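A closer look at the structure
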Amino acid sequence: VDRYEVVTESDGLVSVDLLTRRLGTDLHGILKVRDAAGRVVADFADTMGDDGGVTFAAKAGQVYTISLNDVDLRGDRAFVYRLAVTSGPRVLCTAPAFGQRGSESEVEFIGIGVATGQPVLETICQRVAFPDAPTVMSHVHLLKSPAGTVEVLIPLSDLNESVRVMPANLIAVAGDGKVATMEEPRAIVPPLAVTSVLPAAVADHRFTWQAKKDEYWSIDLASRAIGGRLDVAVAVVGPDGKLVMESDDLPGTTDAGLSFRAAADGMHTCSVRSAASCQGTADEIYRLVIRPQAPDFSLSVPQQVQLPLAGKAEVTVTATRLGGFDGEITITADGLPDGVAATGPWVIGAGKKDVKVTLQSAADAAVVARMIAFQGSAKLGEEQVTRQAYAPASGNMSVRSPLAARTGQVMLAMTMAPPFELLVVDRERQREVHRGTTYLAELDINRNEGFTGEIRIEMSAAQARYRHGMRGPIITVPGDVNRGIYPISLPEWLPTDVTQRMNVHGVAAVPDPKGTLRHLTRAADSRITMIMEGALLKVSSPAKELVVKAGETFEVPVRVSRSSKLPLGVSVELVVPEELEGLLQAEAVTVAANQETGTLRVVSLADGRLMGPWRLTLKATAMADGRWPVVSQVDLPVDFEK
């Protein structure tokens, strides 16, 4: 649990926003805010993996503690997060969600404390004038409220942006044994955008418009992307009352969208609904965009391309054709490094959906990693247009908008073949190994002719199975050696009813054709496989739980049990948590081979940080063959008092 203390200079709202899933961290955060008396004044649990935050009313001069932990109380150095603590109201969304360029309109701001300064969801309306500049993508409005002034970023569009209000004419409908209401369909003239709240008592919102046979139309429905909390779904019904198309979740988001071709002249109906039950809150809002789909296209490419030195790589460029466009698309690439060239045809033929373009590396090219970009150009009517190709952008685990899940950059990674092979002598044979010991795995090294460089052998970061605390060092094999021994430390708590396996790989520094050293990696041909036998060493203490006054010196009796296979002296040491380093000191005690007991003498400091219960560790180590650790550990609970 991470904790932060906040003291405000004046009474008012304080907001705490958590950013972690959008940074690619697999952390489901729980936020809690407590006052000086320890009472919880606000909390939030991110069980859905969407990030989020809390807003609470703070009193001037009071201390508030913000705590953050994972929902499963996990901790990891990869759990990166950003916690933003701000004063004033918190705006979640607006209606309309976008501002129409060059217009002035009434905007409803939806958020926490925007109207009264209280920590509740509410709304306030203010008139906003939007700029007319076509290159400006958003407008910053200074929202003045009783809780303070905040900046609100409102995206801009060239569409007619309207807000749907609740009509008086509602129709009662029955479904699943429940009575709901349905508004009369609203007739519209596209292109336009509509922002609206979807009331809890309403089954759906429907919009009708006139479409002609063979016209292409696109529909975008967003809630998550505009700050709303709806899980939206959209459907289109034709003039004959039959379903034309429907959409629930777009890739990576709960927002929806679709494109279709009208099969007949007549009135078409678009239905907007929520896939989950509505609660009747002001942030259950959506933005619907309906417009004709002009002939166009979009391109997608992979996020990464691996190109071998002096070799070729094929890249699949896929076209999504829109609005009936069926023409030829010419593909180009920008940013290719020296020595890399495009070869063969780079054209998606008329009516085709993709092409495999080829990149060729020269034998003397520098081996580099470089961001490149692909584009496609085609003739739309009388105009020649160019469209950027996009790759899926990984990393964001809580995508607000599909646009945030793509990138125009592609990683071109040139590669060299490692000049060696790493062979596990036992291959998949199961060697019997005692828990708590060090297993020495034998490895053969096959070198390419002429390669005499050093090879580092390492434990692979990605293992085929669980690790259970197994670990291995980085060892260096000299250039004149073709066999290595890789030591694997095996914890004493490993189960004996399953095999344990470890993946290792070799790394060699080899110059590329331009003389730059490149570190080349090759995995071993198989896993190192072990089956566990009982431990050779066990440490314990008769003192099950100690109560000690901080500042005193105390003794810890220790006992070691050994197998007859381990007639060695054992060193027993005290391991303390990082928070207590420097507050406790104890010299390791050696229990001779013909002894079983010993005593650790521990010196503690009179420091308030020691107060309370702590879990220390006794660690016993014997050195097999004078160099390979045999280890046993046991917890030692100690309660420090004043």
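Not measured: the values here are computed from a predicted model.

The next thing to look at is the packing of aromatic side chains. What describes a pair of aromatic rings is the distance from one ring centre to the other and the angle between the planes of the rings. Here the structure, examined in full by the defined rule, presents six aromatic pairs. Both rings, one in phenylalanine 554 and one in phenylalanine 640, keep their centres 6.1 Å apart while their planes meet at 70°; by these two values the pair is edge-to-face. Of this pair, phenylalanine 554 sits in strand E49 (residues 553-562) while phenylalanine 640 is found in strand E55 (residues 628-641), placing the two residues 86 residues apart along the sequence. Taken individually, phenylalanine 554 and phenylalanine 640 each receive the classification buried, so the pair is uniform in this respect. An aromatic cluster of three or more residues is present, and its members are Trp209, Trp217 and Phe260. Across the ring face of phenylalanine 207, the terminal group of arginine 164 is positioned such that the distance to the ring centre comes to 4.8 Å. Directly above the ring of tyrosine 390 sits arginine 406, whose terminal nitrogen or CZ lies 3.6 Å from the centroid.

This paragraph deals with the confidence of the model for the protein chain. Overall, the prediction assigns the protein chain a mean pLDDT of 94, with 97% of residues at 70 or greater. Residue range residues 168-179 is modelled with pLDDT below 50. Its contacts to residues more than four positions away, or to other chains, number 15 contacts.

Across the sheet, which stays open at both edges, the five strands sit in the order E17-E19-E24-E21-E22 with mixed pairing between neighbours. Each of the sheet's edge strands pairs with one partner strand only, and the pair in question is strand E17 (186-187) and strand E22 (243-247). With seven bridges joining them, strand E19 (residues 205-211) and strand E24 (residues 266-274) adopt antiparallel strand pairing. Note that in E24 the partner of histidine 205 across the bridge is valine 272.

Side chains Phe420, Leu422 and Val424 project from strand E37 (residues 420-424) onto a buried face, and the interleaved Glu421 and Leu423 project onto a face without burial. Here E37 pairs with strand E39 (residues 438-447) via five bridges, running antiparallel. Residue pairing for E39: glutamate 421 is matched across the bridge by asparagine 446.

On to empty space enclosed by the protein. For the coordinates displayed, the defined rule picks out one cavity of 30 Å³ or more. Taken as a whole, the largest cavity encloses approximately 40 Å³ of empty space. Along its surface, the largest cavity is lined by Val424, Asp426, Arg427, Arg429, Tyr439, Ala441, Glu442, Ile528 and Thr529. Elements with a contribution of two residues or more to the lining of the largest cavity: E39 and strand E46 (528-533). Of all the elements, E39 adds the most residues to the lining of the largest cavity, at three residues. Broken down by class, the residue content of the lining of the largest cavity amounts to four nonpolar, one polar and four charged.

Attention now moves to the pattern of salt bridges. Overall, the coordinates contain 26 salt bridges when judged by the stated rule. Of the charged contacts in the structure, one is a salt bridge between arginine 261 and aspartate 214, with a shortest N-O distance of 3.3 Å. Of this pair, arginine 261 sits in strand E23 (residues 256-261) while aspartate 214 sits in the loop between E19 and strand E20 (216-222), and the two are 47 residues apart along the sequence. Among the residues examined, arginine 261 registers a relative accessible area of 46% and is labelled partly exposed. The residue glutamate 596 makes a salt bridge to arginine 559 at a minimum N-O spacing of 3.4 Å. Here the residue glutamate 596 occupies a position in the loop between strand E52 (589-591) and strand E53 (597-604), and arginine 559 occupies one in strand E49, the gap between them amounting to 37 residues. Assessed through its relative accessible area of 48%, glutamate 596 is described here as partly exposed. Three or more residues are tied together by salt bridges with common partners; here these are Glu104, Glu106 and Arg127.

About the thresholds
Residues numbered from 1 in each chain as written. Predicted model: local features only at pLDDT ≥ 70, side-chain atom pairs only at ≥ 80, totals over all residues. Heavy atoms only, no water. Phe/Tyr/Trp six-rings, centres within 6.5 Å; stacked < 30°, edge-to-face > 60°. Helix = DSSP H or I, 4+ residues; strand = E, 2+ residues; numbered from the N terminus. Buried < 20%, exposed > 50% of the residue type's maximum accessible area, 1.4 Å probe, protein only. Lys NZ or Arg CZ within 6 Å of the ring centre and 35° of its normal. pLDDT = per-residue confidence, 0-100. Contact = heavy atoms within 4.5 Å. Pairing = 2+ DSSP bridges. 1 Å grid on protein atoms, 1.4 Å probe; cavity = no way out; pocket = protein on both sides within 12 Å on 5 of 7 lines; lining within 4 Å. Points joined across faces, edges and corners; volume = space filled by probe spheres on them. Nonpolar A, V, L, I, M, F, W, Y, C, P; charged D, E, K, R; others polar. Salt bridge = Lys/Arg side-chain N within 4 Å of Asp/Glu carboxyl O.

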